[in-house]
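Geometric and topological summary
Spelled out from the first residue to the last, the chains are:
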Amino acid sequence: MEINGTSYERDVPASLLLVHFLRDDLDLTGTHVGCDTGSCGACTVQLGDEAIKSCCMLAVQADGASITTVEGLASDEGELTPLQQSFHEYHALQCGYCTPGMLMSATALLEKNPRPSEHEVKVALQGNICRCTGYWNIIEAVVAVGEKGTR
Amino acid sequence: MTAIETEAGTLQKGSAVGQSVPRKEDGRLVQGQGVFFDDVKRKDMGYLHFVRSPYAHATIESIDVSAALEMPGVYGTLTGDEVAILTDPFFQIAAPPGGHVKDYALAVGKVRYLGEPVVAVVAETRELARTAAEYVMVEYEPLDVLVDARAALADGAPVLHEECGGNLSYSGVWEWGDVDAAFAEADHVVSIGELHFDRFNSTPLECGGALVEYNRGTGQWTMYTNNQFPGFAAIMMGPAMRVGLDKLRIVTQDIGGGFGNKITSHPQLVVCCLLARKLKRAIQWTEWRTEFHQSMSHGNERWFENTEVAVKADGTLLGFRTKAIDDAGAYLRYEPLGGVIWSQVAAGMYKWRNIWLEFTQAMTNKAPVSPNRGYSRMQQLWFTERVIDIVAQTLDFDAVEIRRLNFVQPEDMAYETPNGCVYDSGDYPRAMDMALELIGASDIETRRAEAASRGKLLGLGIGSTLDSGTNNFGQSQLINPELQFSGNNEVATVKLDIFGEVVVTLGTTPQGQGHETTAAQVVADILHCDVDVVNVRVGHDSYWNSHAGFSGTYASQFAVTGLSAVKGAADMLAGQMVKLASMVFQCPEEAIELADGFARIKDNHEAALPFMALGAIPNANNAGFPDDPPTMNCRYVYRPPFDVPDKERKFGNLTLTYATQIHACVVEIDPETGVTEVVDYAAVDDCGVRINPQIVEGQVMGATAHAIGAALWESFVYDEDGNLLTPNFYDYHVPHALDMPPLKTGAFESPSPFTPLGTKGMGEGGGGGIHCICSGIQDALRAAGGAIVTDSHNPYHRVWEMLSHPERSRETIEVTSR
Ligand code: FES
Ligand code: FES
């Protein structure tokens, strides 16, 4: 499969979850695990143009797919995307554990809907739990990127 | 969109302190470059999985690990019998009877709650460890189960810990003022049958875990983990493992939320340590969400029985009596400290001078409790607020006015409470007025009528938090006079390195509170340099020399203990920089100033030494100095001014600062379903001087979300067999983005007169929010039978029950008037 523009070929056990493949086999540890029921979204990555929960998918199911993880957002030189920058400005993260998943869900949203309303952002983030921020700063950070038109 | 209304700071500040400096932490975290414990890997490490008890109470008849051990790729196991040989039981904070509890890292002979770790299995992969755990055969003999603290104290109840001779962990009577005289003076006595504060916790998104290595040559363990109070963990682990504390190195970098729930992971860390030594390989343990819910740090559930409140005709509150029964769960991992911590806020924000409270704590077949954001104080604050609303409704006082009348007033500050605690500063009436204004309380009757026209019940709620911060650990002696803990401390080092880098280390374990940023702000102002120049080392390492017995991040204290230590060390370094410059320029120290990243002569700015020169001299260019140049490496231990409290009278100052929050809300209830919707919400915060207002506001918003969750959705529900019915985020509903009401925040600053920076610890404001919702619900229900809210947790079915049978709760309230 192709991850953040790099092709990987690995033999993996059939029972290996995509999230553990990313984290343990490829050392892409930006994608997190927060639950065991597919409820929290900490593991969200982009598969094609959809945000998906990588704990709800086996690694073998992603065979041949093109995946973007949080590590694939900023440029190689470390230049942040406007969304990452906006999270920083709006204090949309505290511990940062949910942040990769939030960023991936919001990135997928902004690609489809560059100027989402507050409600549309809430709906898009409904599968992502944050236990630190109370969400409002996250919602504002995403809306602001849309308003600035600088996704 | 949330309307954020924040008042500008009231103090003269330096250029960095008081600004919402964007956080230093964010760069790595938004790029997935944080290092959480589960990101740390070692070659050939073994993955650990716990075999957990499927019973809430049972004896262990036999354990057979042979089938698991035979599986290829399984590295080994550890059982309770081995633990009982290799370790001693953990030190108990409690005096007898609770002090007799024998608590080991794995169950020995008996299990006492569902999910208790019984065996640990280590294997080549996560998946294999989990599978192999299923091949461990454990035979149990089930015992009668206790899930109710009240029943646990009854004669003939099944006993969890035989050594204790019953289920009581601690009991004590706390009495201050002249309670009998207060009741004699009262015009009304309001009796409240029973109030209940529910069991939940803040469920950080990252579960517990560690990567543990053992160095056979030196006998030292290194734990990369997310424990948030390493000082406490080490004190618990060292004696149990029969090793000195220097053998236990605890390292954290990024931690995915803590909220107190990550304080008591020492049993699991001991298991990892024993297995790292036994199996000669690094051990990786990552808890699964279900395991966290079943076994990690529930918040204290508490009952308040037979409360009586003495009230004057004008609404003045004279005093109360109540019997608190606290549920500690199956083991005393931090308890019974909850049995004293509540008394930091015994009277809440109010001028009650006469208090009688019997505190009794019982052990039950549920997960052990330990600190949870607002630990043990939020139960008491909720109680004081609940009492006021019940008194107001029963005696027909206005809920706002009775608060205003009984608040400790700003002119009373600093205010000594009946039990000797000192409220340092604050303006509670102002905070309440701001909160009420933010939610538009002046129009409430119009809105109530408008809602009624839509068939909805609308109510206004108020809650308060006194966020007592910087503990005096001497209070532990009030529940166990034998303990040798008192005061508090935190350590920081600030040094100037060879190339002039400013490097700060701390003993704290941040979990999202932005310590790197706020510490850098304080240092930058003292050294007169840019925030960017200040490097704050990330996380915690008990091998740094910035560690003391109380190091950690808990109990609302960083802005006082952590930043005061940083200030102390930075002041020392500033003094040394001036001294060194005076040695170089051969002028008096008074002639030198620090400015713009230089040490220079005040009236000759050309004569300036950059930080680089100052760092290089003592480190690498020291020949020719007549005297030793200062070291440029400063360590400061901040010690708050405390005395040991009076054990006889249970009297003394238990915390240094009291940050305050008032929450206010408007709720709408659908009488058809009992569903409560929060339609307006405001939280007003006063935590003294704010180093970084944006970070403070973030804490307020996060705590508010926890409160709303706990008030409406989050609960650890057990059935009568001790099965946890909410063991994951599917059944345990935490707020999601769509659940959050519009949120307004307000702030002002009443600087603490007792702290070096005028700051107060903050962050645990959630308790006010829980009550706020309860209060709103009770107000809304006035128009539909006038039920009394007696529980902290009010999901739709409980509200629906109150709507259907308002008399049930009303009958638990009695008024005697003269
Ligand atoms: S880890 Fe929680 S949804 Fe994937
Ligand atoms: S920032 Fe901690 S979970 Fe979202």
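For the structure, check the block above.
Before going into details, it helps to say that this report is about the structure given with it. Here the residue numbering is sequential within each chain, running from 1 through the sequence in written order. Each chain gets a letter, beginning with A, and each ligand a number, beginning with 1, in the order they are written. Where local features are concerned, this predicted model is filtered to residues with pLDDT of at least 70; where side-chain atom pairs are given and counted, the filter is 80 or more; whole-chain, interface and lining totals use all residues. For side-chain calculations, the full set of non-hydrogen atoms in the structure is used, while hydrogens and water are omitted.

Observations concerning the packing of aromatic side chains
Residues and elements named next belong to chain B. Each Phe, Tyr or Trp ring (for Trp, its six-membered ring) is paired with any other whose centre lies within 6.5 Å, and the angle between the two planes then decides the class: stacked below 30 degrees, edge-to-face above 60, tilted in between. A full pass over the atoms with the stated rule returns 27 aromatic pairs over all chains. Their ring planes at 75° and their centres at 6.2 Å tell us that Y113 and Y331 sit as a pair that is edge-to-face. Linking Y113 in the loop between β4 (110-111) and β5 (117-123) with Y331 in the loop between β14 (317-327) and α10 (338-341), this pair joins segments that are 218 residues apart in sequence. Plain terms: the ring middles of Y170 and F359 are 6.4 Å apart, the flat faces sit at 40° to each other, and that makes the pair tilted. Linking Y170 in strand β7 (residues 168-176) with F359 in strand β15 (residues 354-362), this pair joins segments that are 189 residues apart in sequence. Residue classification places F359 among the buried positions, given a relative accessible area of 1%. Geometry around F183 places R321 over its ring, the cationic atom sitting 4.0 Å from the centre. To qualify as a helix, a DSSP run of H or I must reach at least 4 residues; to qualify as a strand, a run of E must reach at least 2; elements of each kind are numbered from the N terminus. Burial classification: accessible surface area is computed with a 1.4 Å probe over protein chains only, and a residue below 20% of its type maximum counts as buried, one above 50% as exposed, and the rest as partly exposed. Look at NZ for Lys and CZ for Arg. If either is within 6 Å of the ring centre and within 35 degrees of the ring normal, a charge sits over the ring.

Details of the nonpolar core
By nonpolar core is meant a set of buried Ala, Val, Leu, Ile, Met, Phe, Trp, Tyr and Cys residues that side-chain atoms within 4.5 Å join together. Of all hydrophobic cores here, the largest spans 213 residues; its most connected members are F87 of chain A together with L48 and W352 of chain B. Sorting elements by how many residues they give to this core places helix α11 (residues 377-395) of chain B first, with 10 residues. V21, A524, V560 and A569 of chain B belong to the second largest nonpolar core, which has 52 residues in total.

Looking at the sheet that holds strand β20 (residues 502-506) of chain B
All names here are of chain B. Overall, mixed pairing links the four strands, which are arranged β21-β20-β19-β26 in an open sheet. Each having just a single partner strand, β21 (534-536) and β26 (633-638) make up the two edges of the open sheet. Looking at each pair of strands side by side, their axes are set apart by 20° on average, direction ignored. Strands are treated as partners if at least two bridges between them are detected by DSSP. Here strand β19 (residues 490-496) runs beside β20; their pairing, made up of five bridges, is antiparallel. Directly across from T493, in β20, lies its bridge partner T505. Relative to the sheet, helix α15 (residues 515-527) contacts β19, β20 and β21, its axis offset from that of β21 by approximately 145°. Under this scheme, a helix contributes an axis fitted over its contacting stretch, all axes are lines through C-alpha atoms, and angles between N-to-C directions fall in the 0 to 180 degree range. Contact between two residues is taken to exist if any of their heavy atoms lie within 4.5 Å; hydrogens are not considered.

Some words on the packing of helix α2 (residues 82-89) of chain A against helix α5 (residues 136-148) of chain A
Residues and elements named next belong to chain A. Relative to each other, α2 and α5 sit at 135°, their axes nearing to 9 Å. Taken as axis vectors, α2 and α5 run oblique relative to one another. Crossing of α2 against α5: the hand is right-handed. Contact residues: P82, L83, S86, F87 and E89 in α2; I138, A141, V142, A144, V145 and K148 in α5. For the contact of α2 with α5, the residue count by class is eight nonpolar, one polar and two charged. Each angle is binned into one of four classes, with values under 35 degrees roughly parallel, values over 145 roughly antiparallel, values of 65 to 115 roughly perpendicular, and all other values oblique. Handedness of each helix crossing follows the sense of rotation of the near helix against the far helix: counterclockwise by less than a right angle gives left-handed, clockwise gives right-handed. Each residue is assigned to one of three groups, with Ala, Val, Leu, Ile, Met, Phe, Trp, Tyr, Cys and Pro labelled nonpolar, Asp, Glu, Lys and Arg labelled charged, and all others, Gly among them, labelled polar.

Focus on unusual backbone geometry
Residues and elements named next belong to chain B. In the segment running from P96 into P97, the intervening peptide bond is cis, with an omega of 10°. Its place among the elements puts P97 in the loop between α3 (80-86) and β4. The step from E335 to P336 runs through a cis peptide bond, and the omega angle for that step is 5°. The phi dihedral of N306 falls on the positive side, at around 50°, and the residue is not glycine.

Structural notes on the environment of Y140 of chain B
Residue and element names in this part refer to chain B. When you line up the elements, Y140 lands in strand β6 (residues 137-142). What makes Y140 buried here is its relative accessible area of 14%. Once the C-alpha coordinates of Y140 and A58 are considered, the two residues, 82 residues apart in sequence, prove to be 5.9 Å apart. Residues contacting Y140, with those up to four places away along its chain left out, are R52, S53, P54, Y55, A58, T59, I60, E61, V111 and V118.

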